[in-house]
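The lines below spell out each chain.
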Amino acid sequence: MIPYGRQDINQDDIDAVIDVLRSDFLTQGPVVQEFERALSDYCGVSHSLSLNSATSALHVACLALGVGPGDTVWTSPITFVASANCALYCGASVDFVDIDDKTYNISIPKLRNKLESASLDGTLPKVVIPVHMTGQSCDMESIHELSKEFGFRVLEDASHAIGARYKGHPVGSCQYSDICVFSFHPVKIITTGEGGVATTNNDSLAKAIERLRSHGITRDPKQLQSSKGDPWWYEQLDLGYNYRMTDIQAALGRSQMARLDKYVGQRNSLSDRYDELFSDFPLILPHTMPDCVSSKHLYVVRVKREQLTASRDEIFHSLRREGVGVQIHYIPVPMQPYYTSLGFSVEAYPSANEYYQSALSLPLFPTMTHVEQNFVVATMKKLLQA
Ligand SMILES: *Cc1c(COP(=O)(O)O)cnc(C)c1O
């Protein structure tokens, strides 16, 4: 089976991890800081706070932004559940804004409409979490303008999008947001096994995230409430968690970063090649906005259902049977039983629903060969003609 995604581990990665295993610090050591520095340099941002997952990063980012009971957080229905769960962890409620039919990112006109009516009935969100679906940035400049007009904070879920660019800025530079989160799960662009990072240019948000990932504890003399200078002294200032990344993970991430631009280049050229080979297929191909460089985390095609006899589900099953490891990203979050039990229904998001009925994520990973890619295309051809 050709998987839809696969990590790439080389000898440098293995050596970097072994060096940490032989060193004095498996966690809370210098490599975590080196990885964070490398991320900040790459993204052109003041602070990078590593965490044990993007899910943890989204959680503490919401807390740092002051999300709590009585608040509402909005995100996209086409995302992994973590983008919405983070608000519920904080005791807040969540709501969704339907997607754009071309980019599958949050729709700006629908966001504006929903903000206008929320402003009338006093239900404006505290935070909006745009998700950079497949590795293409949302229209962040518009979201930033809306955030000023309606008074909400912006937390980017860029789990798909490390290495991507928007209007010339690296995603993660937080030019148009308060905080940006990346995931380093093995299916993502670079990996630390499990892991994530939150980037920000805001010093107090960075301090808050740093404390929250480590029990709410600080030793920083500037943050201490008492003036005790004793070497054993630390203070717990908030109710935090143990969400730290280990040095073992950071070593893998730092080593992988050396190949980040290469990976994004390989993903883009494979993706361009798919575009060419599929040009006359009954498929809606990915649409990249002119001001975006996508990291191409996913290659999503949509079957033109009206032109086909086979359903998307039949095509999915046949592809798997033939050895093509397709996936579907994502089942709309409002369709999940947990969310329907909260009263959500996918019918409220027609574009997300239509997308879900037709989408297929085809295999795409940096080490994919043209032979593998030709096999995917030939299999699609056979099935779509049937
Ligand atoms: C992978 C992913 C997450 C969660 O990342 P973890 O590091 O696995 O916690 C969150 N949001 C999106 C959009 C993702 O793709």
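A quick note: this is a predicted structure, and the numbers were derived from the prediction, not measured. (Residues numbered from 1 in each chain as written. Predicted model: local features only at pLDDT ≥ 70, side-chain atom pairs only at ≥ 80, totals over all residues. Heavy atoms only, no water.)

Glancing now at unusual backbone geometry. Following His-329, the chain continues into Tyr-330 via a peptide bond in cis, with omega recorded as 5 degrees. Positive phi values are uncommon outside glycine, yet Tyr-104 reaches one of about 65 degrees. Along the chain, Tyr-104 turns up in the loop between strand 3 (93–96) and helix 5 (108–120). What makes Tyr-104 buried here is its relative accessible area of 3%. Even without glycine at this site, Thr-134 takes up a positive phi of about 65 degrees. (Helix = DSSP H or I, 4+ residues; strand = E, 2+ residues; numbered from the N terminus. Buried < 20%, exposed > 50% of the residue type's maximum accessible area, 1.4 Å probe, protein only.)

The next thing to look at is the packing of helix 2 (residues 30–43) against helix 8 (residues 247–257). Helix packing for two helices is described by the angle between their axes and how far apart those axes are. Two numbers describe how helix 2 lies on helix 8: the axes approach to 8 Å, and their chain directions differ by 35 degrees. Judged by the twist between their axes, the crossing of helix 2 over helix 8 is left-handed. In this structure, helix 2 uses Pro-30, Val-31, Val-32, Glu-34, Phe-35, Ala-38, Leu-39 and Tyr-42 to contact helix 8, whose residues at the interface are Asp-247, Ala-250, Ala-251, Gly-253, Arg-254 and Met-257. Across the contact of helix 2 with helix 8, the residue classes break down as ten nonpolar, one polar and three charged. (Axes fitted to C-alpha atoms, helices over the stretch in contact; angles between N-to-C directions. Left-handed = near helix turned anticlockwise from the far one by under 90°. Contact = heavy atoms within 4.5 Å. Nonpolar A, V, L, I, M, F, W, Y, C, P; charged D, E, K, R; others polar.)

Consecutive side chains of a regular strand alternate in pointing toward one face of the sheet and then the other. Most of strand 9 (residues 196–200) is tucked away: five of the five residues are buried. Alternating residues of strand 9 divide into Gly-196, Ala-198 and Thr-200 and Val-197 and Thr-199, and every residue in both groups is buried. In terms of strand pairing, strand 1 (residues 47–51) meets strand 9 through five bridges, oriented antiparallel. Paired with Leu-51 across the strands is Gly-196, a residue of strand 9. Sheet topology note: the strand 8 (residues 179–183)/strand 9 ladder contains four bridges and is antiparallel. Following the sheet pairing, Ser-183 is matched in strand 9 by Gly-196. (Pairing = 2+ DSSP bridges.)

With that settled, consider the environment of Glu-276. Among the structural elements, Glu-276 can be located in helix 9 (residues 260–277). The exposed category is assigned to Glu-276, whose relative accessible area is 62%. Here the alpha-carbon distance between Glu-276 and Thr-199, two residues 77 residues apart in the chain, equals 36 Å.

What follows covers the pattern of salt bridges. Where side chains of opposite charge bring their charged atoms close, a pairing between them can arise. Applying the stated criterion across every chain yields a total of 17 salt bridges. Among the salt bridges present, the one from Arg-213 reaches Glu-36, with a minimum N-O distance of 2.9 Å. You can see Arg-213 sitting in the loop between helix 7 (203–212) and strand 10 (217–218) and its partner Glu-36 sitting in helix 2, a full 177 residues away along the chain. Summarising the burial analysis for this pair, Arg-213 and Glu-36 share the class buried. Connected through salt bridges with shared partners, the residues Asp-8, Asp-13 and Arg-259 form a single ionic network. (Salt bridge = Lys/Arg side-chain N within 4 Å of Asp/Glu carboxyl O.)

Under the definition given, this model contains 14 aromatic pairs. Judged by centre distance (4.9 Å) and plane angle (10 degrees), the rings of Tyr-241 and Tyr-243 are stacked. On the basis of relative accessible area, Tyr-241 is assigned to the partly exposed category, the value being 27%. In this structure an aromatic cluster arises from ring pairing among Phe-96, Tyr-338, Tyr-339, Phe-344 and Tyr-349. The ring of Tyr-356 has Arg-312 sitting right over it, with the charged end atom 5.3 Å from the ring centre. (Phe/Tyr/Trp six-rings, centres within 6.5 Å; stacked < 30°, edge-to-face > 60°. Lys NZ or Arg CZ within 6 Å of the ring centre and 35° of its normal.)

Bringing the state of the cysteines into the picture now. Applying the stated rule across the entire model yields zero disulfides. Cys-62 provides the cysteine sulfur closest to Cys-86, a residue in no disulfide bond, and the two sulfurs are 3.8 Å apart. On the basis of relative accessibility, which here comes to 0%, the residue Cys-86 falls in the buried class. The thiol of Cys-174 is not disulfide-bonded; the next cysteine sulfur, from Cys-180, is found 5.4 Å away. Among the residues examined, Cys-174 registers a relative accessible area of 6% and is labelled buried. (Disulfide = S-S within 2.5 Å.)

None of the figures reported here should be taken as evidence of function without further support.
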